[in-house]
Amino acid sequence: MFDITVIEDAAAAEVSLDPMRARLLAALAEPASATMLAARVGLPRQKVNYHLRALEQHGLIELVEERRKGNVTERVMRATATSYVISPAALAAVRPDPAEAPDRLSARWLLALAARLVQDVGSLITGADRAKKRVATFAVDANVRFASATDRAAFAEELAATIGALVARYHDENAPGGREHRVVLALHPSAEPTSRDASEES
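Residues numbered from 1 in each chain as written. Predicted model: local features only at pLDDT ≥ 70, side-chain atom pairs only at ≥ 80, totals over all residues. Heavy atoms only, no water.

Trainee: Could you clarify how one ought to interpret the pairing of strand 4 (residues 72-79) in this entry?
Mentor: Here is the key point about a regular strand: its side chains alternate between the two faces of the sheet. Inspection of the sheet shows strand 2 (residues 32-33) paired to strand 4 by 2 bridges, in the antiparallel sense. Counted as the bridge partner of Ala32 is Met77 from strand 4. Two strands pair when backbone bridges link them, and strand 3 (residues 61-69) and strand 4 are joined in this way by 8 bridges, in the antiparallel orientation. Bridge pairing links Glu65 to Val76 in strand 4. What sits between strand 3 and strand 4 in their antiparallel hairpin is a turn of 2 residues, with Gly70 showing a positive phi close to 65°. (Pairing = 2+ DSSP bridges. Helix = DSSP H or I, 4+ residues; strand = E, 2+ residues; numbered from the N terminus.)

Okay, here's the thing in structure tokens:
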């Protein structure tokens, strides 16, 4: 089971967004049979099996083992990941394009960059999983409290200049065997934690 999986297929995304199927996915963080799940979610076993077949068909759950119970073979299933992210690739016709109207002060352009980040890294993870390799990435996540909007603007300008200098120092257009890497830098106000985040922090 992976910690996180990116859903790139539109049909798989649709299946995962069904409220009952999402609930079953969460329940299958631990292996369980349709009979066990039926008792948890309050649905007939046949109905649970219907949902499980759809989830399995799209690779969101997997078979762990089969058990014989009398004349019945019970299938024990498990989610393929602890959590899932839907890639913008699943909405290819309407996914945002950061190349359109780039504006480093626009929240919507930042969102378009974030969407591309999810899509690109998701694609890299999918390919690396198939090749049984790891993806070389690096990330920084930090909080900073500014005393004023002026300080925030000065911080942003200094950060942009520093990153620009680093890129200029290390970028080698003609390096044989070199590979391009994308650097994405974001600064935005902290959002209020969701109820799930708050419960995890308490």
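Trainee: What should I look at first to understand the packing of helix 3 (residues 34-41) against helix 4 (residues 45-57) in this one?
Mentor: Any two packed helices are characterised by the angle at which their axes cross and by the distance between the axes. At their nearest, the axes of helix 3 and helix 4 sit 9 Å apart, and the two run at 110° to each other. Judged on the interaxial angle alone, helix 4 and helix 3 are roughly perpendicular. Residues Ala34, Thr35, Leu37, Ala38 and Val41 of helix 3 pack against Arg45, Val48, Asn49 and Leu52 of helix 4. A breakdown of the residues in the contact of helix 3 with helix 4 according to their chemical character gives 6 nonpolar, 2 polar and 1 charged. (Axes fitted to C-alpha atoms, helices over the stretch in contact; angles between N-to-C directions. Parallel < 35°, antiparallel > 145°, perpendicular 65-115°, else oblique. Contact = heavy atoms within 4.5 Å. Nonpolar A, V, L, I, M, F, W, Y, C, P; charged D, E, K, R; others polar.)

Trainee: What is the right way to look at the pattern of salt bridges in this model?
Mentor: Any two side chains of opposite charge can pair, so long as their charged atoms come close to each other. For the structure shown, the criterion picks out 7 salt bridges. With a shortest N-O distance of 3.0 Å, Arg75 and Glu56 are connected by a salt bridge. Placement of Arg75 in strand 4 and of Glu56 in helix 4 is noted, with a sequence separation of 19 residues between them. Given a relative accessible area of 33%, Arg75 falls into the partly exposed group. A salt bridge links Arg67 to Glu65; the shortest N-O distance between them is 3.3 Å. Here Arg67 falls in the partly exposed class, since its relative accessible area comes to 34%. One salt-bridge network, in which partners are shared between bridges, spans Glu56, Glu66 and Arg75. (Salt bridge = Lys/Arg side-chain N within 4 Å of Asp/Glu carboxyl O. Buried < 20%, exposed > 50% of the residue type's maximum accessible area, 1.4 Å probe, protein only.)

Trainee: What should I look at first to understand the nonpolar core in this one?
Mentor: The nonpolar side chains of a soluble globular protein tend to be buried, and buried together. In terms of nonpolar packing, the biggest core is built from 23 residues, with Leu24, Leu28, Leu37, Val48, Leu52, Leu55 and Ile61 touching the most fellow members. Contributions of two or more residues to this core are made by helix 1 (10-17), helix 2 (19-27), helix 3, helix 4 and strand 4. For Ile61, the residues in contact, after removing those within four places along its chain, are Leu25, Leu28, Leu52, Leu55, Glu56, Met77, Arg78, Ala79 and Thr80. (Core = buried A, V, L, I, M, F, W, Y, C linked by side-chain atoms within 4.5 Å.)

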